[in-house]
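One letter stands for each residue in the lines below.
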Amino acid sequence: MAPGHYFWAIFYFACLCSASLANNAKVNFREKEKKILDQILGAGKYDARIRPSGINGTDLEATQVFVNMFLRSISKIDDYKMEYSVQLTFREQWLDERLKFDDIGGRLKYLTLTEANRVWMPDLFFSNEKEGHFHNIIMPNVYIRIFPYGSVLYSIRISLTLACPMNLKLYPLDRQVCSLRMASYGWTTADLVFLWKEGDPVQVVKNLHLPRFTLEKFLTDYCNSKTNTGEYSCLKVDLLFKREFSYYLIQIYIPCCMLVIVSWVSFWLDQGAVPARVSLGVTTLLTMATQTSGINASLPPVSYTKAIDVWTGVCLTFVFGALLEFALVNYASRSADRAADMHRENMKKKRRELEQASLDAASDLLDTDSNATFAMKPLVRHPGDPLALEKLRQCEVHMQAPKRPNCCRSWLAKFPTSPLKKVPCFGRGKCSRSKRIDVISRITFPLVFALFNLVYWSTYLFREEEEE
């Protein structure tokens, strides 16, 4: 056989051997993982009931567990129940030197488990949790990674409904702080300590969207608690939410303003249009009351006054005041009618008395004797006559100083009291008082409501900035 053929035969045999060795090495690598798991977690070799040693392997030191999390979503914030729902990926990491293994020259980075009961686990619980559940679709969303130097990483996806006590004094111009608290249930700080992972312990998904809130920021802190059984390690995350005001401006504030303004239309209606003014006032009052009850139905019954209570209460008072104003106008109009009727009756009575007196005088003159003489009094008296001086004093004309013009009265006098007779509102009669009440209400109600808005918004917006 030629030397060239020997060369190619040897080369082909070497390739076959290398491929076989590579396949054997891959199979052996997976078998090595199994052997390592059996070696470190085998029966009689690892007890999951015993906590790991502390720093530097000392049993006197507490086991340190580093915690971090990733907030995936915040589904709702319930004002009535004072709770919020969150979905997160929760991670814990600690050192257990009993789980050290050979990494085969760096080829084995970590071992993965899906059964949490195979290793020791911290007894962490969420102290302000109301409800919670794990995710098992398609497989349980949990894993445990064991690193060559004995570090254990535990990761799980969970959904929680957590309590969030709220202060609603500035509602809906408020900010709320909702906490997520984690603590050890049975191990005291002498045995177990929770610590936040250095760097970025809490991460939030990008473009986090909430229907009526905005997550402004979050803060991490410690909240160790002492009881009669010892001191327990605790971590907390404070989530600061700001309520979106645009929703409430469109749904509550603008409709309430429109209802108040509509109730003022009755001031421009004729005082004789009783059905129109009554129906307008009652309709706006009932609508405002329904709006108020709908707002309170979505809020918890608290003992203090909220900002929205002040707004709806004042708007309801303005609408009710417009209805009472018509009642006052109607009363003044009917009083004027009665006064006018009494005045007409008195005038008729006086006219009849004058007619009767003139008839009596005429009959007396006819019965008088034609020869009777009358005593004539002098037409001119002497200058010293006291009677003449007394008469002169009675005839004196007293001049009064001219009054200063009243701007309000001059402006109000421009409003006619009757469409047929351009008579101002300051004379006597049916139109004087009732029409004057309408004219004054047209100015007073808007001015007072504008003043209330100025005080309301300046007060609550300033308090909001102080809390911020």
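Residues numbered from 1 in each chain as written. Predicted model: local features only at pLDDT ≥ 70, side-chain atom pairs only at ≥ 80, totals over all residues. Heavy atoms only, no water.

(A) Summary view of the state of the cysteines. Counted under the stated rule, the structure contains 2 disulfides. For Cys164, the disulfide goes to Cys178, at an S-S distance of 2.0 Å. Here Cys164 and Cys178 share a disulfide; its torsion about the S-S bond, -80°, makes the bridge left-handed. Of this pair, Cys164 sits in the loop between strand 7 (151–163) and strand 8 (175–184) while Cys178 sits in strand 8; the two residues are 14 residues apart in sequence, bridging distant segments of the chain. Comparing Cys164 with Cys178 shows no difference in burial state: the two are buried. Cysteine pairing for the chain (bonded cysteines numbered in sequence order): 1-2, 3-4. Cys256 forms no disulfide, and the closest cysteine sulfur to it belongs to Cys315, at a distance of 5.0 Å. (Disulfide = S-S within 2.5 Å. Helix = DSSP H or I, 4+ residues; strand = E, 2+ residues; numbered from the N terminus. Buried < 20%, exposed > 50% of the residue type's maximum accessible area, 1.4 Å probe, protein only.)

(B) Structural detail: helix 2 (residues 245–263). Along its 19 residues, helix 2 runs 26 Å from first to last C-alpha, staying within 8% of the 27 Å computed at 1.5 Å per residue. Residue Tyr253 marks the point of greatest curvature in helix 2, where the axis turns by about 30°; the proline Pro255 follows within four residues. Along helix 2, the residues classified as buried are Tyr248, Ile252, Tyr253, Cys256, Leu259, Val260 and Ser263. (Expected span 1.5 Å × (residues − 1). Bend = angle between axes of the 7 residues up to and from the residue.)

(C) Looking closely at a nonpolar patch on the surface. On the surface, Leu249, Ile250, Ile254 and Met258 cluster together into a nonpolar patch covering about 370 Å² of accessible area. Relative to the helices and strands, Ile250 resides in helix 2. (Patch = residues over 30% accessible without salt bridge, like charges linked within 9 Å, V, L, I, M, F, W, Y side chains within 5 Å. Areas by Shrake-Rupley, 256 points an atom, 1.4 Å probe, with all protein chains shown as cover. Salt bridge = Lys/Arg side-chain N within 4 Å of Asp/Glu carboxyl O.)

(D) A look at the pairing of strand 6 (residues 142–146). Only one face of strand 6 is buried: it carries Val142, Ile144 and Ile146, and the other face, with Tyr143 and Arg145, is open. Bridge analysis of strand 3 (residues 111–113) against strand 6 gives 3 bridges, and the strand direction is antiparallel. Bridging across to strand 6, Leu111 finds its partner in Ile146. Across 5 bridges, strand 6 lies against strand 7 in antiparallel orientation. When the bridges of strand 7 are listed, Arg145 appears paired with Leu153. (Pairing = 2+ DSSP bridges.)

(E) Fine view of the environment of Trp120. Looking at the element boundaries, Trp120 is found in the loop between strand 3 and strand 4 (124–126). In contact with Trp120, not counting residues within four places along its chain, are Tyr46, Ala48, Arg49, Ile50, Arg51, Pro52, Thr63, Trp94, Arg98, Trp187 and Leu192. (Contact = heavy atoms within 4.5 Å.)

(F) Region of the structure containing the pattern of salt bridges. Under the counting rule described, the total for this entry stands at 13 salt bridges. Ionic pairing is found between Arg98 and Asp96, a salt bridge with its closest N-O pair at 3.0 Å. Since its relative accessible area comes to 32%, Arg98 is described here as partly exposed. A salt bridge links Asp438 to Arg277, with the shortest nitrogen-to-oxygen separation between them at 3.1 Å. A residue pair is termed long-range when its members are at least 10 positions apart, and Asp438 in helix 7 (residues 430–467) and Arg277 in helix 3 (residues 274–297) qualify at 161 residues.

(G) Here's a closer look at the packing of aromatic side chains. Counted under the stated rule, the structure contains 26 aromatic pairs. Ring geometry for Phe449 against Phe452: centres 6.2 Å apart, planes inclined by 40°, an arrangement best described as tilted. Of this pair, Phe449 and Phe452 both sit in helix 7, 3 residues apart, which is roughly one turn of that helix. The class for Phe449 is buried, based on a relative accessible area of 7%. Ring-pair connections join several aromatic residues into one group, and the members of that group are Phe245, Tyr253, Trp264, Phe267, Trp311, Phe318, Phe445, Phe449, Phe452, Tyr456, Trp457 and Tyr460. (Phe/Tyr/Trp six-rings, centres within 6.5 Å; stacked < 30°, edge-to-face > 60°.)

(H) Structural detail: the sheet that holds strand 14 (residues 234–243). Strand order across the open sheet formed by 4 strands is 4-8-14-11, with antiparallel pairing between neighbours. Unpaired on one side and paired on the other, strand 4 and strand 11 (213–222) mark the two borders of the sheet. Taking the axes of each pair of neighbouring strands and ignoring which way they run, one obtains an average angle of 20° across the sheet. One ladder, built from 9 bridges, connects strand 8 with strand 14; its direction is antiparallel. Residue pairing in the sheet places Leu180 in a bridge with Val237 of strand 14. (Axes fitted to C-alpha atoms, helices over the stretch in contact; angles between N-to-C directions.)

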